[in-house]
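Close look at the chain arrangement
The chain contents come next:
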Amino acid sequence: MRIVRYSIDGRIGCGALVGDVVHDLLETELGAVVGRLSELTLLAPCDPRTIVCAVSNYAGQILEKSRLWPQQPSLFLKSPNAITGLDAEILRPAEVQRLEYEGELAVVIGRTARNVPAAHATDFILGYTCANDVTADDWRADGQWTRAKSADTFCPLGPWIETDIADPAALQITTRLAGQVVQSAPTSEMVFGVPELLAFVTRWITLQPGDVLLTGSPVGVGPMTPGDVVEVEISGIGTLRNTVVDGATSPGRLARASGDGAHLR
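In what follows, the accompanying structure is described. Counting restarts for each chain, with residues numbered from 1 along the sequence as it is written. Two thresholds apply to this predicted model, a pLDDT of at least 70 for residue-level local features and 80 or more for giving and counting side-chain atom pairs, whereas whole-chain, interface and lining totals are computed over all residues. As a convention, hydrogens and water are excluded, and side-chain values are obtained from all of the structure's heavy atoms.

**Quick notes on the overall build of the protein chain**
Which entries qualify depends on this criterion: Strands here are runs of E lasting at least two residues and helices are runs of H or I lasting at least four, both read from the DSSP assignment and numbered beginning at the N terminus. Here the radius of gyration uses the C-alpha set of atoms, whereas the globule reference equals 2.2 Å times the residue count to the power 0.38. Relative accessibility decides the category of a residue: with a 1.4 Å probe and only protein chains considered, values under 20% of the type maximum give buried, values over 50% give exposed, and everything between is partly exposed. Contact definition: two residues touch when any of their heavy atoms are within 4.5 Å. Values of accessible area rely on a 1.4 Å probe in the Shrake-Rupley scheme; residue burial ignores everything except the protein chains shown. In this tally, Lys and Arg are treated as positive and Asp and Glu as negative; His is ignored, and so are the chain termini. One atom stands in for each charge, and that atom is NZ of Lys, CZ of Arg, CG of Asp or CD of Glu.
Helices and strands together make up the secondary structure of the protein chain, namely 5 helices and 20 strands. What you see for the protein chain is a C-alpha radius of gyration of 17 Å, in line with the 18 Å of a compact globule of 265 residues. When the backbone C-alpha atoms are referred to their principal axes, the protein chain occupies close to 55 × 45 × 30 Å. Considering the protein chain as a whole, with its 265 residues, one finds that 54% of them fall into the buried category. When contacts within the protein chain are restricted to residue pairs at least 6 apart in sequence, long-range pairs at least 24 apart make up 73% of them. Accessible surface computed for the protein chain: about 11200 Å², of which carbon and sulfur atoms make up 51%. With 21 positive and 31 negative side-chain charges, the protein chain shows a spacing of 4 Å between the two charge centroids.

**What to know about the side chain of T187**
The criterion, for reference: Nitrogen and oxygen atoms within 3.5 Å of one another constitute a polar contact, given that in protein one can donate a hydrogen and the other can accept it, and given that sequence-neighbouring residues count only through two side-chain atoms.
With respect to the secondary-structure elements, T187 resides in the loop between β16 (180-186) and α4 (194-201). According to the relative accessible area criterion, T187 is buried, its value standing at 1%. A polar side-chain atom of T187 sits 2.7 Å from the main-chain carbonyl oxygen of P168. Only 3.5 Å separates the side chain of T187 from the backbone nitrogen of A170, close enough to count as a polar contact. With sequence-adjacent residues up to four places away left out, T187 is seen in contact with Y58, L105, P168, A169, A170, L171 and I173.

**Topic: the pattern of salt bridges**
In plain terms, the rule: By salt bridge we mean one thing: a side-chain nitrogen of Lys or Arg within 4 Å of a carboxyl oxygen of Asp or Glu.
In total, this model carries 16 salt bridges according to the counting rule given. Where salt bridges share partners, they join K78, R98, E100, E102, D133, D137, R140 and K149 into one cluster.

**Here's the deal with the nonpolar core**
Soluble globular proteins tend to pack their nonpolar side chains together in the buried interior. As a reminder, the rule being used: In this description, a nonpolar core means a group of buried Ala, Val, Leu, Ile, Met, Phe, Trp, Tyr and Cys residues linked to one another through side-chain atoms lying within 4.5 Å.
If you look at the biggest cluster of nonpolar residues, it comprises 32 residues, and the most contacted ones within it are L99, L157, V212, L214 and M224. Elements that contribute at least two residues to this core include exactly β6 (51-55), β10 (99-101), β11 (103-109), β14 (155-162) and β17 (212-214). Every residue in contact with V212, bar those within four places of it in the chain, is listed here: C46, P48, T50, I51, V52, A106, V107, V108 and L157. Counting residues in each nonpolar core, the second largest holds 28 residues, with Y58, L198, L207 and V232 among its members.

**Thoughts on the sheet that holds strand β15 (residues 172-177)**
Counted only if it meets this: A strand pair is defined by DSSP finding two or more bridges across the two strands. For helices, the fitted line uses only the C-alpha atoms of the stretch in contact; every axis is such a line through C-alpha atoms, and the angle between N-to-C directions lies from 0 to 180 degrees.
In space, the 5 strands of this open sheet follow the order β9-β20-β19-β15-β16, with mixed pairing throughout. Strands at the two margins of the open sheet, each flanked by one partner only, are β9 (89-92) and β16. Strand-to-strand twist across the sheet, computed as the mean angle between neighbouring axes with direction ignored, equals 20 degrees. With 4 bridges connecting them, β9 and strand β20 (residues 238-246) associate as parallel partners. Its bridge partner lying in β20, R92 is registered against D246.

**Some words on the packing of aromatic side chains**
Aromatic ring pairs are reported here in terms of the distance separating the ring centres and the angle at which the planes meet. We apply this condition: Centres within 6.5 Å are what make two rings of Phe, Tyr or Trp a pair, Trp counting through its six-membered ring; a difference in plane orientation under 30 degrees is then read as stacked, over 60 as edge-to-face, and the rest as tilted.
The full count for this structure, using the stated rule, is 2 aromatic pairs. Their ring planes at 65 degrees and their centres at 5.4 Å tell us that F76 and W145 sit as a pair that is edge-to-face. Taken as a pair, F76 in strand β7 (residues 74-78) and W145 in helix α3 (residues 145-150) lie far apart in primary sequence, 69 residues in all. Its relative accessible area of 34% is what places W145 among the partly exposed residues.

**Notes on the layout of surface pockets**
What counts is decided by this rule: Grid spacing is 1 Å over the protein atoms alone, the probe is 1.4 Å, and a cavity is where that probe fits but cannot get out, while a pocket is an open set with protein on both sides within 12 Å along at least five of seven lines and lining residues have an atom within 4 Å of a point. Grid points are joined across faces, edges and corners, and a volume is the space filled by probe spheres set on the points. Each residue is assigned to one of three groups, with Ala, Val, Leu, Ile, Met, Phe, Trp, Tyr, Cys and Pro labelled nonpolar, Asp, Glu, Lys and Arg labelled charged, and all others, Gly among them, labelled polar.
Looking at the second largest pocket, its volume works out to about 180 Å³. If you trace the second largest pocket, you find 18 residues lining it, with V55, Q61, R67, E102 and R140 closest to the centre. Residue classes in the lining of the second largest pocket are distributed as 5 nonpolar, 4 polar and 9 charged.

**Quick word on the pairing of β6**
In terms of burial, β6 is a largely internal element, 4 of the 5 residues being buried. As paired elements, β6 and β7 share 5 bridges and run antiparallel to each other. Bridge pairing in β7 places A54 opposite L75. With 3 bridges joining them, β6 and β17 adopt parallel strand pairing. Each residue of the ladder has a partner; that of I51, found in β17, is V212.

**A short note on the sheet that holds β10**
Judged by pairing direction, the sheet is antiparallel, and its 3 strands sit side by side in the order β13-β10-β18 without closing on themselves. Each edge of the sheet is formed by a strand with only one pairing partner; in this case those strands are β13 (135-136) and β18 (222-224). Bridge count for β10 against β13 is 2 bridges, and the pairing is antiparallel. Along β13, the bridge assignment pairs E100 with T135.

Here it is as C-alpha cells:
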C-alpha cells in the first residue's frame, strides 16, 4: 500500500494511493475517493516528532571520505521544522556557501518502539519513503551540526510511504542532479541495516508512530545550487523531487511545503 498526506481544496488528510487515485484511509480499509494525483498536492507523507539519522553508513562513502570503519552506528537528529514534501522548494540560506544533497532511504515508524530487538524490527515499521538529508556543509565544517542539518526545508520526504517492502536491503538508491546521476548504490551497502539501526536507536530513544529514521547516504554526496532540481529515486518506492531556491521565504511557501493539519500517528 502507498500511504500519502495530501492537500486539496484547503483540506489536509491522509489517504491510500491506488493507481493515480487517492482514497480516504480508515485504518487499513479504503474509503471514498479523494481525487486523482493531478487534482491534489502531495505533502510530506508523515509528520514526525523525532527524526534520527545515521552517519557514514555506506561502505562506499566511508572509503570515499577515508573514514574509519564504524564499530557502532553514529547518529544525529534533524528538527521537525526541516520536513518538506514532494515538489516543494529547498531553501538555501543566504549565508550558506555549499549546500549538499544526500539521497537516503527513510524508515517510517508504525508503532511505539522502545528496546526493539533487531529480529523483530519489521513489527515496528509502517513503511519506507525517499529522503534528502540536505546539509549546509560550511556550517557542519565549523561544528554547527544542528544548524547545518535542521534549517527549514532541509528534510524533504516523499512521495509516499510504501508499506510493501519485503527487504529494505534489496533496494537501489539513485540521486539525480539536473538530470545527471550523482549517486547510485544498493542499500545492501549499508554497514548497519535497518533492523540493526532501529535496535540501536531504540535502546535510548523511544520512537512513536510517524517518526522517521534516516539510514545514511551512499557515495557521491555533492553540492547543489539555486535552480537545481534534485531527485532521489528508490526502487520499489518512487521518486522524490525538489528544486533549490535562494534566500528567505514567505510563511505561505513554508506552509505549502510541510502542511498543517492531518498527522500520521
